[in-house]
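# Results of the structural survey
One-letter residues, chain by chain:
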Amino acid sequence: MRLDKIGIVGLLSLMLVSLAPTNAKAQFLPNQTRNRVICKSINSLTAYVQKLPSIAATTDRVAVRAAILNDPNCGWLGATAYFTEAEIGQPLGWLYAGDYLYLLHALTVHTSQGSNFVHASTIVRRSEWRLPADCDVSPYKVSLPTGDNYRFFGRTKAGMKPHCMTLVNVRGEIDRLNRPPVAYSEHWWSRPQWRQANVCRDLMGMANGLDKVVNEQQIRNDSTDVFSRKQGCTQRDVRKLVASRFMGLYWSRPTPGKKEFWFEVHHVIFRDPASGAVTEGYMPVNPVRDRLFSPNSHCAVSQSHDPSQPGQASNVVLYGSRRGAVPGVTLPAEDGGIAIPTIPSTAIGLSDCYIDPTLRRR
């Protein structure tokens, strides 16, 4: 139900007297933000979060109004204190909104205009935080009093998974897993700074999987719906990744009506420290929706295939790349002293065509 011309902001300020307890000052959830925006639907709430210029903007009334963009279904529920558990209850699960990840709650406020609202208690940047393992999207939909039916990340049919309440700091994880990036040659670098290591043995298997992607977390959470052994793909331990080179950008081609994505594609080398066995593969990273990213004209025009690939895999188009030779290189002793042979003709990613967070805008 849409609210009348007085707007939800004025209405919700009036609600505050009856709703907010006097001790609503402390956080009760990790990373909880001091934001009191509530909306009549999940779609409106997601649109608000997605338009935030920063996490700090969640407490800036001017920035909040700009993010809401006069949506009459959203507003600020008075005061500036943290919501308490008594007000918003336990969270239902995690959802994604552009560059953000947020924890959703449902709350009830009885008014003549309606009673049911949703709220994002924790809003964090996906470049800084991620969900723990086994917190993929639930196969079960949750029916909300607002009329929404959603599948949330980090929950089962019975409720939230306890370990999914605490996020993992990506930068801290990078610091634990990776030494500072080192250039081995013009093309080969030390292992990249990503935790996910979804690897396919050829580009066609990778492309077939990526064409099925419907949300970014299928990549970040190593979803077997995308990276199946039938496609020649598997998940690898990122700690065994010793070298990588950027090959270009892949633009997914899903069935009509499904979302399109861009991915960076890297050729990666793994070494098992116990056996010394060396394997290689192709790893897609940095998923971003087509509507949020557009490669510059130089990268869009520059494209190539990799003729070293078997069969149909050699037909996979990589944007932001050129055809060339990659000279061989020997890795340092601490990485096993592996000798990577020269690749005579392959796709080579252009250095200015990486998917940088600052470029994720049309």
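Criteria and cut-off values
- Residues numbered from 1 in each chain as written.
- Predicted model: local features only at pLDDT ≥ 70, side-chain atom pairs only at ≥ 80, totals over all residues.
- Heavy atoms only, no water.
- Helix = DSSP H or I, 4+ residues; strand = E, 2+ residues; numbered from the N terminus.
- Buried < 20%, exposed > 50% of the residue type's maximum accessible area, 1.4 Å probe, protein only.
- Contact = heavy atoms within 4.5 Å.
- Salt bridge = Lys/Arg side-chain N within 4 Å of Asp/Glu carboxyl O.

The next subject is the environment of V137. Tracing the chain through its elements places V137 in the loop between β6 (129-130) and β7 (142-143). Judged by its relative accessible area of 34%, V137 falls in the partly exposed class. When the C-alpha positions of V137 and G93 are compared, they lie 9.3 Å apart, and in sequence the two are 44 residues distant. When sequence neighbours within four positions are dropped, the list of residues in contact with V137 reads R151, F152 and F153.

Here we come to the pattern of salt bridges. Where charged atoms from two side chains of opposite charge approach closely, those side chains can pair. Applying the stated criterion across every chain, the model contains three salt bridges. Here E87 makes a salt bridge to R36, at a shortest N to O gap of 3.2 Å. Of this pair, E87 sits in helix α4 (residues 85-88) while R36 is found in the loop between α1 (7-19) and β1 (37-39), placing the two residues 51 residues apart along the sequence. The pair formed by E87 and R36 is uniform in burial state, with each residue classed as buried. Between R253 and E260 there is a salt bridge, with its nearest N and O atoms 3.5 Å apart. Its relative accessible area of 46% is what places R253 among the partly exposed residues. Residue classification places E260 among the partly exposed positions, given a relative accessible area of 24%.

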